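So the chains spell out like this:
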Amino acid sequence: ARRRGASSAARGSALPIAPVRWTVVGGAVALATPTFPVIGLYRVACYAIPDGTVRVAVLGSFGAIVTFAARDLLPSLVDHAEF
């Protein structure tokens with residue numbers, strides 16, 4: 001069966017080989033996964049804090065704390081962890 005839009009000069013399948021597809025899907029999932037907690041936190045903040053100005057202030061300060069922890073505290077904690 002021919003696919004819609006396939007050229008008559010094309011030989012074989014238009015799909016890349018399976019490992020390439022797996023790599024693309026795996027990479028997309030790996031890059032998109034960290035956004036889901038951020039979206040969830042924002043939705044909870046929208047529900048819990050209806051005032052937009054206060055919500056921006058709370059999320060901004062929370063983001064600053066998380067950024068500081070990830071950039072400055074986490075590397076030193078990993079160096080002293082008992083592995």
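Residues numbered from 1 in each chain as written. Predicted model: local features only at pLDDT ≥ 70, side-chain atom pairs only at ≥ 80, totals over all residues. Heavy atoms only, no water.

(A) Main features of the overall build of the chain. Across its full length, the chain carries 3 helices and 0 strands. Start at the N end of the chain and walk to the C end: the helices and strands fall as α-α-α. When the accessible surface of the chain is totalled, it reaches about 7400 Å², and 70% of it is carbon and sulfur. (Helix = DSSP H or I, 4+ residues; strand = E, 2+ residues; numbered from the N terminus. Areas by Shrake-Rupley, 256 points an atom, 1.4 Å probe, with all protein chains shown as cover.)

(B) Main features of a nonpolar patch on the surface. Taken together, the side chains of Ile 17, Val 20 and Val 24 make up a nonpolar region of the molecular surface, amounting to roughly 280 Å² of accessible area. When you line up the elements, Val 24 lands in helix α1 (residues 18-32). (Patch = residues over 30% accessible without salt bridge, like charges linked within 9 Å, V, L, I, M, F, W, Y side chains within 5 Å. Salt bridge = Lys/Arg side-chain N within 4 Å of Asp/Glu carboxyl O.)

(C) Geometry of the confidence of the model for the chain. In this model, the chain carries an average pLDDT of 77, and 76% of its residues clear a pLDDT of 70 or more. When mean pLDDT is compared element by element in the chain, α1 scores highest at 89, while helix α3 (residues 52-79) scores lowest at 79. (pLDDT = per-residue confidence, 0-100.)

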